[in-house]
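# Examination of the molecular architecture
Next come the chains, spelled out residue by residue.
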Amino acid sequence: MRRYTVIDLFCGCGGISRGFDRTGRFTIEAGVELEPHPMRAFEANHRNAADNPPVVYTGDIRSLIGPEATVSFKEWSAPTNLQEPGKLDVLAGGPPCQGLSRHGVRQYLDAGFKRFYDDPRNHLYRAYLNVVEALRPKVLMIENVREFLNFGDGKFSEDLLKRLDELGYNAGFRKVCAADYGVPQMRHRVIFLAVSREIARPTDQELPFPARKFSQCDRGQLGLLEGFGYRTVRDAISDLPDPNYTHGVPLSYPTDCEISALASQLRSRTGVVLNHVARKLSESSKARINAVGTGRMKHVEDHLKTKSFYGSAYRRLAWDEPALTITTWVYHVGSGRFAHPVDDRGITMREAARLQSFDDDFIFPNLINPVSQMIGNAVPPLMAQAFGESISNYLDYHLSRKPRTRGSISGAVA
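Residues numbered from 1 in each chain as written. Predicted model: local features only at pLDDT ≥ 70, side-chain atom pairs only at ≥ 80, totals over all residues. Heavy atoms only, no water.

### Points about the overall build of the chain
Within the chain one finds 13 helices and nine strands. For the chain, the residues scored as buried account for 56% of the 414 residues in total. Partitioning the intrachain contacts of the chain with sequence separation of at least 6 by distance along the chain shows that 65% fall at a separation of at least 24. (Helix = DSSP H or I, 4+ residues; strand = E, 2+ residues; numbered from the N terminus. Buried < 20%, exposed > 50% of the residue type's maximum accessible area, 1.4 Å probe, protein only. Contact = heavy atoms within 4.5 Å.)

Next up, the structure:
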């Protein structure tokens, strides 16, 4: 079965790549990422068609391609053998969105829209488009926060779609919730897909967006394709062993617990659990998470309240609900709904990774803050897997209908 090639821009530790890899239909050929910690994790956890680590670039993508480039994109990408326009199958990526976050937008609007629009972080999608112009991949996937669609009267998304059309792509977008694809988390994003008109001329409705697999219904009711309501915190983490308080100590799965379908998907092949390290909480933090429970900080006694707090601060996760959005602050119980459902502690990085649908074979470094950044910024692999399955089926169909011409078909043969 043909396997298709992927280059992942703004890859972080590789949530999109991990999802595509888990389909068995893709090889991860290269990645670009600004920060060194997630890039090392990306490189360690992915393989290309030759079963080697992907080609990587650690640094600002604008120094690699575009008018500010100081490094030759052609020379950097040469080892991938994907430089010929049209040879790359899939270009994926999630341009950084901090400037577009709800919290960031509130700050910008206080100072006027021009400051918001001028933030260079909000224009990194243009660097993505520079790579599109250089490589002319068959299919594109771009992930971002939903706010990307609306601010500035849709100026950013309108610019993106217009440029893709000029480059020869039919493109569209959908607002998605990760829980619809089996991720135990209410994470809302927007996904843009585009297909080269050299491959097909789809309408928006014919772009390879995957169907939802789960629905927000009670357990036991008829859901969608898999017949279940949303997966829950219990599905995601209840089979894990009690955590350690020391880094680098491997743990084994307990033998006397029920294993959900999700946990079966995510358990390591070796039977070993890493990155499952708890942090000791102060007595005041313990008092707060017990007072808040699954409620709200604003309802607890005044002496337990902090001077300012997020709406979900010090809340416990509920066993039988999906998590709320896992953010880069997941290590801190005062920054969101990140307290364990019953234990007096925050969730571990392995539990946070499970809630993002990373499998236990995905190894993170023994560092709390960089790993929380990686996990919180990642695209959930199970959601990416659903997109990968749909895209591979789409490529199978359309490439099988075309004659084998120079640059039109690629991918290693499994």
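Moving on, there is more to tell.
### Things to note about the layout of surface pockets
Here the second largest pocket defines a volume of roughly 300 Å³. Around the second largest pocket, the lining is made up of 15 residues, and of these R18, D21, R269, D359 and D361 lie nearest the centre. Looking at the lining of the second largest pocket residue by residue, the class counts come to one nonpolar, four polar and 10 charged. (1 Å grid on protein atoms, 1.4 Å probe; cavity = no way out; pocket = protein on both sides within 12 Å on 5 of 7 lines; lining within 4 Å. Points joined across faces, edges and corners; volume = space filled by probe spheres on them. Nonpolar A, V, L, I, M, F, W, Y, C, P; charged D, E, K, R; others polar.)

### Digging into the environment of T306
Note that T306 resides in the loop between α10 (283-292) and α11 (349-355). Linking T306 and R288, residues 18 residues apart in sequence, is a C-alpha distance of 9.4 Å. If near-sequence neighbours (up to four positions away) are discounted, T306 is found in contact with R288 and Y314.

### Quick word on the sheet that holds strand β6 (residues 169-177)
Sheet strands line up and pair through hydrogen bonds in the backbone, either parallel or antiparallel. Read from one edge to the other, the open sheet built from seven strands follows the order β3-β2-β1-β4-β5-β7-β6, with strand pairing classed as mixed. Here the strands that pair on one side only, and so sit at the sheet edges, are β3 (55-58) and β6. Taking each pair of neighbouring strands and ignoring which way they run, the sheet shows an average axis angle of 15°. Inspection of the sheet shows strand β5 (residues 139-144) paired to strand β7 (residues 188-196) by six bridges, in the antiparallel sense. Along β7, the bridge assignment pairs M141 with L193. Sheet strands in contact with helix α6 (residues 125-135) are β1 (4-9), β4 (90-93), β5 and β6, and its direction is about 170° off that of β4. (Pairing = 2+ DSSP bridges. Axes fitted to C-alpha atoms, helices over the stretch in contact; angles between N-to-C directions.)

### A word on the pairing of β5
With six of its six residues buried, β5 lies for the most part within the structure. A two-sided burial pattern is seen for β5, the buried positions comprising V139, M141 and E143 on one face and L140, I142 and N144 on the other. As judged from the four bridges shared by β4 and β5, these two strands associate in the parallel manner. Residue G93 lies in a different strand from β5, and its bridge partner there is I142.

### Some remarks on unusual backbone geometry
Peptide bonds are mostly trans, and most non-glycine residues show a negative phi. The phi torsion at F10 lies on the positive side, around 50°, for a residue other than glycine. Take F10: it is sitting in the loop between β1 and α1 (15-21). We classify F10 as buried; its relative accessible area is 15%. Backbone geometry places N275, a non-glycine residue, at a positive phi of 60°. Tracing the backbone shows N275 in the loop between β9 (272-273) and α10.

### Topic: the side chain of R316
In this structure, R316 sits in the loop between α10 and α11. Only 2.9 Å separates the side chain of R316 from the side chain of N290, close enough to count as a polar contact. For R316, the side chain forms a polar contact with the main-chain oxygen of H340, separated by 2.8 Å. When sequence neighbours within four positions are dropped, the list of residues in contact with R316 reads I289, N290, G293, T294, R337, A339, H340, P341, V342, D343 and D344. (Polar contact = N/O pair within 3.5 Å; in protein donor to acceptor, adjacent residues only side chain to side chain.)

### Notes on the nonpolar core
Counting 63 residues, the largest nonpolar core has F20, L355, F364, M383 and F387 as the members making the most contacts within it. Tallying contributions element by element places helix α13 (residues 381-400) first for this core, with nine residues. Not counting residues up to four positions away in its chain, the partners in contact with F364 are C13, N275, R350, A353, F358, V371, M374 and I375. Y57, Y128, L140 and A171 belong to the second-largest nonpolar core, a separate cluster that totals 36 residues. (Core = buried A, V, L, I, M, F, W, Y, C linked by side-chain atoms within 4.5 Å.)

### Overview of the confidence of the model for the chain
Per-residue confidence for the chain gives a mean pLDDT of 89, with 87% of residues at or over 70. Taken as a whole, residues 102-111 scores under 50 in pLDDT and shows 14 contacts with residues more than four places along the chain or in a different chain. Counting interchain partners and residues more than four positions distant, the pLDDT-below-50 stretch residues 404-414 has 34 contacts. (pLDDT = per-residue confidence, 0-100.)

### Re the packing of aromatic side chains
Here the structure, examined in full by the defined rule, presents 15 aromatic pairs. Their ring planes at 50° and their centres at 5.5 Å tell us that F173 and F192 sit as a pair that is tilted. Taken together, the residues F173 in strand β6 and F192 in strand β7 connect sequence positions 19 residues apart. A relative accessible area of 38% means that F173 is categorised as partly exposed. Lying across the ring of Y253, R267 places its NZ or CZ 4.0 Å from the centre. A cation sits over an aromatic face here: R288 above Y314, 5.5 Å from the ring centre. (Phe/Tyr/Trp six-rings, centres within 6.5 Å; stacked < 30°, edge-to-face > 60°. Lys NZ or Arg CZ within 6 Å of the ring centre and 35° of its normal.)

### Digging into the pattern of salt bridges
Scanning the entire structure with this criterion turns up 24 salt bridges. The salt bridge involving D361 is made with R269; its shortest N-O contact spans 3.1 Å. With a gap of 92 residues between them, D361 in the loop between α11 and α12 (368-377) and R269 in the loop between α9 (261-266) and β9 connect regions that are remote in the sequence. Given a relative accessible area of 76%, R269 falls into the exposed group. Residues D302 and K305 are paired through a salt bridge, measuring 3.3 Å at the closest nitrogen-oxygen approach. (Salt bridge = Lys/Arg side-chain N within 4 Å of Asp/Glu carboxyl O.)

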